[in-house]
Amino acid sequence: MRRIPVKTEAMTVMLIQAPEKKLKNRETGEVAVDKTGKVQFNVNVAVVVDGRPDAVTVVVTEDGVQPDLFPGMPVALPGLVATPWENDFGHGISFKATAVMAAQVPAAANGKG
């Protein structure tokens, strides 16, 4: 499948909840890993574009998750890509990023400028 780079400059991204390990199998509790064996995390964020919010789940490997993230904080998703998918049960778009980290907020936007 084609991986489409996503530019995030025109959007605000906020963490909805703390990153959680992605499960490969919900029944057994088996954790998902990438091809190199790194644990994958689901990162639930609110993406706001032109004043319209959408909830999106982004997959990030364990080494790309900043440890001190908390819900409600603005975050950055470097290397964000979208991958369309389709199977017998439906279709959609999955999102992956190389990291999730605290976003640099301009001084005027955070009330300190």
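Bear in mind the structure is a predicted one, so any value in this text is a computation, not a measurement.

**Some thoughts on the nonpolar core**
Val 45, Val 58, Val 75, Leu 77 and Val 100 are the most contacted members of the largest nonpolar core, which has 19 residues in total. For this core, the elements supplying multiple residues, two or more each, are β2 (12–15), β6 (40–49) and β7 (52–61). With four residues, the top contributor of residues to this core is β6. In contact with Leu 77, not counting residues within four places along its chain, are Val 13, Val 45, Val 58, Ala 97, Ala 99 and Val 100.

**Some details on the pairing of strand β9 (residues 81–87)**
Sheet analysis places strand β1 (residues 4–5) next to β9, joined by two bridges and oriented antiparallel. Across the sheet, Pro 5 pairs through a bridge with Val 81, a residue of β9. Of the pairings in the sheet, the one linking β9 to strand β10 (residues 90–96) comprises seven bridges and is antiparallel in character. Each bridged residue has a counterpart across the sheet, and for Ala 82 the counterpart in β10 is Phe 95.

**Topic: the layout of surface pockets**
Looking at the largest pocket, its volume works out to about 230 Å³. Around the largest pocket, the lining comprises 13 residues; the ones closest to its centre are Arg 3, Asp 34, Gln 40, Thr 61 and Lys 96. A total of three residues in the lining of the largest pocket trace back to one element, the largest contributor, which is β7. Considering only residue class, the lining of the largest pocket consists of four nonpolar, five polar and four charged.

Conventions used here
- Residues numbered from 1 in each chain as written.
- Predicted model: local features only at pLDDT ≥ 70, side-chain atom pairs only at ≥ 80, totals over all residues.
- Heavy atoms only, no water.
- Core = buried A, V, L, I, M, F, W, Y, C linked by side-chain atoms within 4.5 Å.
- Buried < 20%, exposed > 50% of the residue type's maximum accessible area, 1.4 Å probe, protein only.
- Helix = DSSP H or I, 4+ residues; strand = E, 2+ residues; numbered from the N terminus.
- Contact = heavy atoms within 4.5 Å.
- Pairing = 2+ DSSP bridges.
- 1 Å grid on protein atoms, 1.4 Å probe; cavity = no way out; pocket = protein on both sides within 12 Å on 5 of 7 lines; lining within 4 Å.
- Points joined across faces, edges and corners; volume = space filled by probe spheres on them.
- Nonpolar A, V, L, I, M, F, W, Y, C, P; charged D, E, K, R; others polar.

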